[in-house]
Amino acid sequence: MQKIILLGSICFTLLIADAASATTYYVSVGGSDLDAGTSSQPWRTLARAASAVAPGDTVLVQPGVYDEYVQFTHSGTAESPITVKANGAVTNSGNFAIKASYFTLDGFEHTAQGTYAYYGPIWFYDTGVSNVWIINNKFHDNPPKIGPGAVVDFQSNSGFSN
């Protein structure tokens, strides 16, 4: 009986430790990349958030227009994907280069009309990227060179849904 209780305690401790390791970061047009990325001290850029995320993390992007080139290079895992989520009306007028697996981009509007929109709103260009989900996103007013939507080259187990 003591062995079962001890094993249960160990499993519970590992579960709590894993949950505690996931962090929620915040980005706001009124923030600063020198801040901590918390709800009260958000970062200014998605690029700053992209450089900090680890498996299981969530980035909540506050309303505004973000005109930047962002490379998402940190992958999540099957058990702990990385999520970047619009927390209100968020427009990406730049370019998101997704070079990560187990990654979700949720709820953005993409126009590719900004300074950093040279390749279109979303770009995948590393082989081996998988399990990427682009959900609840809206694409419009993209430059003629890229057509009406995202430039998407999905690898295995990835998806796109509006």
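Residues numbered from 1 in each chain as written. Predicted model: local features only at pLDDT ≥ 70, side-chain atom pairs only at ≥ 80, totals over all residues. Heavy atoms only, no water.

A few words on the pairing of strand E7 (residues 95-98). Burial of the side chains of E7 extends over both faces: Asn-95 and Ala-97 are buried on one face and Phe-96 and Ile-98 on the other. The sheet contact formed by strand E4 (residues 69-72) and E7 spans four bridges and is parallel. In the sheet register, Phe-72 faces E7, and the bridge partner there is Ile-98. (Buried < 20%, exposed > 50% of the residue type's maximum accessible area, 1.4 Å probe, protein only. Helix = DSSP H or I, 4+ residues; strand = E, 2+ residues; numbered from the N terminus. Pairing = 2+ DSSP bridges.)

The subject of this paragraph is the environment of Ala-97. Within the secondary structure, Ala-97 is located in strand E7. Exposure remark for Ala-97: the relative accessible area of 0% places this residue in the buried category. Considered as a pair, Ala-97 and Thr-73 are 24 residues apart in the sequence and their alpha carbons are 8.4 Å apart.

In this section: the nonpolar core. Ranked by size, the top nonpolar core spans 26 residues in total, and within it Val-61 and Val-84 carry the most contacts. Secondary structure elements with two or more residues in this core: strand E1 (24-27), helix H2 (46-52), strand E2 (58-61), E4, strand E5 (82-86), E7, strand E8 (103-106) and strand E11 (132-135). Discounting residues that sit within four places of it in the chain, Val-84 has contacts with Leu-46, Val-59, Val-61, Phe-72, Phe-103, Thr-104, Leu-105, Asp-106 and Phe-108. (Core = buried A, V, L, I, M, F, W, Y, C linked by side-chain atoms within 4.5 Å. Contact = heavy atoms within 4.5 Å.)

Shape descriptors only; they carry no functional weight alone.
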